[in-house]
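A closer look at the structure
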Amino acid sequence: MSEGLFEEQIGRLREMKVITRQTADGRGSVSFRNFIVEFPINSKITAGKILAVKSLQNDYLLLEVADLLPVHYGMINLDGSIPKEIRDEVMRKVEEDWGRNDEEAWLDVYAYPIGYLLKIDGGVEFYKGYSPPIPGSTVRILSRELYEKFVCDKNGVEIGNIIGEDVKLKINMEKAINYHIGIFAFTGSGKSNLTASLVRRILKENKDTKVVIFDISLEYSILLLDQLISNNSRLISTERLPINKTDAGRRFIRTHVIPEEIIDLKDEIRKSAEELFESNKMRQLYVPPEGSTYLTYGEIIDMVRAQINDKYTAFAQKPLFGLFLKKIDETMRQNKLTKEDIADTTLSPVIDEIETLARESGLKENASIFAFLNALRAYLTSEIQEGEEYDIEKMAIEILDNEENSPRLFILELPNIEEARLIVGQLINQIMLRRKKSYSINPILFVLDEAQEFIPFDTKQKDNSEFSSNAVEKLLRHGRKYHLHGLISTQRLAYLNTNVLQQLHTYFISTLPRPYDRQLIAETFGINDTLMDRTLDLEVGQWLLVSFKAALPHDVPVFFTAPNNLEELRKGIQNSRPSSSI
Ligand SMILES: Nc1ncnc2c1ncn2[C@@H]1O[C@H](COP(=O)(O)OP(=O)(O)OP(=O)(O)O)[C@@H](O)[C@H]1O
């Protein structure tokens, strides 16, 4: 019955332990089950392998290998209490023995249950649950086919090779995007490479999805240059536009770092930048001077409150201002508006109502409340002067445009971080507001590299981080309803507003040197600490993918190697210029 489902090699379950530790924030404790399985010394086992062991319930309990240690019988109990001469002699013999006498040596494989059972009854069925395994039982390794069936999404998008298995990793990209994505790794581990290769797959496979990248390190226009060319796209900056295509090409080369691996493509890159300019894809973003941006509901509420608290406001008017606040609150609730949303004529009926009440209550024509209400009405109904400039509003309209040929890839180059925060906040607020009003199901993915700059643990008003943090938090909490999603990447989780972590269902993790960061992820997803520690062994471009009801059919952590984006870029540029001599 179980033929072909498992590898030939078998192990035996020797020990079961429960390990408890304090949570990363020190406020509670978490426990992890750890099993030790003995396998023959020459077994092909790596971290990430999936094992199956008979459980009390008779189905197989699935375990994931977190670590392995070779053990020699001769060295058991060989500790410091044994005289040194004897210790040396034993170890010398053991050294000689390795590789010659496999009977005396074995692998202690540390594995932990991942919350699934396997039923083999005619067919195979994986189901969620836990039933204790029987100590001493045979432990089997899932065959390649069964592993693939358990881990991969059959019809999914290929995003790399699973480490230790001859299997391509396929994920459900649509669901991964839907539940937001996080990329967490120490600097230089390959975050931008992974982000770029995910984005190029989204552009290829998820045709109705648009991608907006906020790029403070000016790297994505190179990493995705072929995509900017082959898709309708925008390369947006706050700098003035180049005067002609030659200037565009030169300036692009001067202001961007070309990775060493593709330096031979410098000339092609310059030509591609010229092409971007010629096809009108380069845009200068007009950012209005600070303070001249639109009023939000929060700001209007503050103004009304100031009227109530102002000692010069006549007493007779104060209850009406109080009522005004109440009515604003009601309107906001009915229309699902937040304080960060930009105020518009939705408020007009409330202003009219308060004005009528003020008249009926016999206030004089020159009472300050009338002036206040009139000014507010004039502001909300005034037509904003349509300028020629490409501003946040125009960009938001383009991003929300559902026309088939409308731009799909937007790269915003924003090296000035304070300005970047302002733009991120304003754009997200604009898009959320507009989406709420015009229902559309086309997904938009916002990519925030160096996310700790936009949603820091400590926010401040004066550097705009409070503003951007509120907007991004709102996007991650409520965006899904409006098909607005986030991909955030950072090198330190500790610097991030941890409220948002709960909102992300798909994590890509590479080396995180700080134990706090690893522990936080282990707790959030119930992953064993030992498995998380294996991320320290990962090389550049290798990742641990952890997903909760999103990217994968089952919630199982997977180690994989991401494709080299620069190779894909090279091919893309070559394909876009078949006639050139690259
Ligand atoms: N999967 C991969 N295959 C081959 N090379 C890779 C892979 N991932 C990353 N690299 C290479 O490793 C280097 C660092 O990658 P990358 O710039 O993406 O790291 P990063 O984590 O974004 O770094 P930083 O935090 O400094 O921005 C680059 O030269 C990149 O080309």
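Residues numbered from 1 in each chain as written. Predicted model: local features only at pLDDT ≥ 70, side-chain atom pairs only at ≥ 80, totals over all residues.

**Comments concerning the overall build of the protein**
Within the protein, the regular secondary structure consists of 18 helices and 20 strands. Along the longest, intermediate and shortest principal axes, the C-alpha atoms of the protein span 100 × 65 × 55 Å. Counting all 582 residues of the protein, 40% fall into the buried class. (Helix = DSSP H or I, 4+ residues; strand = E, 2+ residues; numbered from the N terminus. Buried ≥ 20, exposed ≤ 12 C-beta atoms within 10 Å, placed from the backbone.)

**Observations concerning the site of the ligand**
Near the ligand lie 16 residues; those nearest to it are Gly 190, Lys 191, Ser 192, Asn 193 and Gly 541. For the shell around the ligand, the element with the most residues is helix H4 (residues 191-205), which contributes three residues. Across the shell around the ligand, the residue classes tally to five nonpolar, nine polar and two charged. (Near = placed C-beta within 6 Å. Nonpolar A, V, L, I, M, F, W, Y, C, P; charged D, E, K, R; others polar.)

**Focus: the nonpolar core**
One finds Leu 51, Leu 62, Ala 111, Ile 411, Val 447 and Ile 509 to be the most contacted residues of the largest nonpolar core, which totals 139 residues. If you tally residues by element for this core, the top one is strand S5 (residues 105-121), at 10 residues. Each of domain 1 (6-151) and domain 2 (170-233 + 415-576) accounts for three or more of the residues forming this core. Residues Tyr 297, Phe 321, Ile 328 and Ile 354 belong to the second largest nonpolar core, which totals 14 residues. (Core = buried A, V, L, I, M, F, W, Y, C linked by C-beta atoms within 7 Å. Domains from an automatic or database assignment.)

**As for the environment of Gly 182**
Turning to its location among the elements, Gly 182 is positioned in strand S10 (residues 181-184). If we skip the residues at most four places from it in the chain, Gly 182 touches Ile 488, Leu 504 and Tyr 507. (Contact = placed C-beta atoms within 7 Å.)

**Details of helix H1 (residues 84-97)**
With 14 residues, H1 extends 20 Å from end C-alpha to end C-alpha; this agrees with the ideal 20 Å at 1.5 Å per step. In terms of residue burial, H1 counts as a barely covered element, since only zero of its 14 residues are buried. Remark: Gly 99 follows H1 within two positions and exhibits a positive phi of approximately 85°. (Expected span 1.5 Å × (residues − 1).)

**Quick notes on unusual backbone geometry**
One non-glycine residue, Asn 77, lies in positive phi territory at about 65°. Mapped onto the elements, Asn 77 comes out in the loop between strand S4 (60-72) and H1. Given 7 C-beta atoms within a 10 Å radius, Asn 77 is considered exposed. At Glu 450, a residue that is not glycine, the phi angle is positive and equals roughly 50°. Here Glu 450 lies in the loop between strand S16 (444-448) and helix H15 (465-478). Its 18 C-beta neighbours within 10 Å are what place Glu 450 among the partly exposed residues.

**What to know about the domain arrangement of the protein**
According to the domain assignment, the protein contains domain 1 (6-151), domain 2 (170-233 + 415-576) and domain 3 (297-381). The straight-line distance from the C-alpha centre of domain 1 to that of domain 3 is 68 Å.

**Some remarks on the pairing of strand S7 (residues 138-142)**
The buried fraction of S7 is high, at four of five residues. In this sheet, S7 lies alongside strand S1 (residues 6-22) in antiparallel orientation, the contact comprising four bridges. By the bridge assignment, Phe 6 is partnered in S7 with Leu 142. As paired elements, strand S3 (residues 50-54) and S7 share three bridges and run antiparallel to each other. Each bridged residue has a counterpart across the sheet, and for Ala 52 the counterpart in S7 is Arg 140. (Pairing = 2+ DSSP bridges.)

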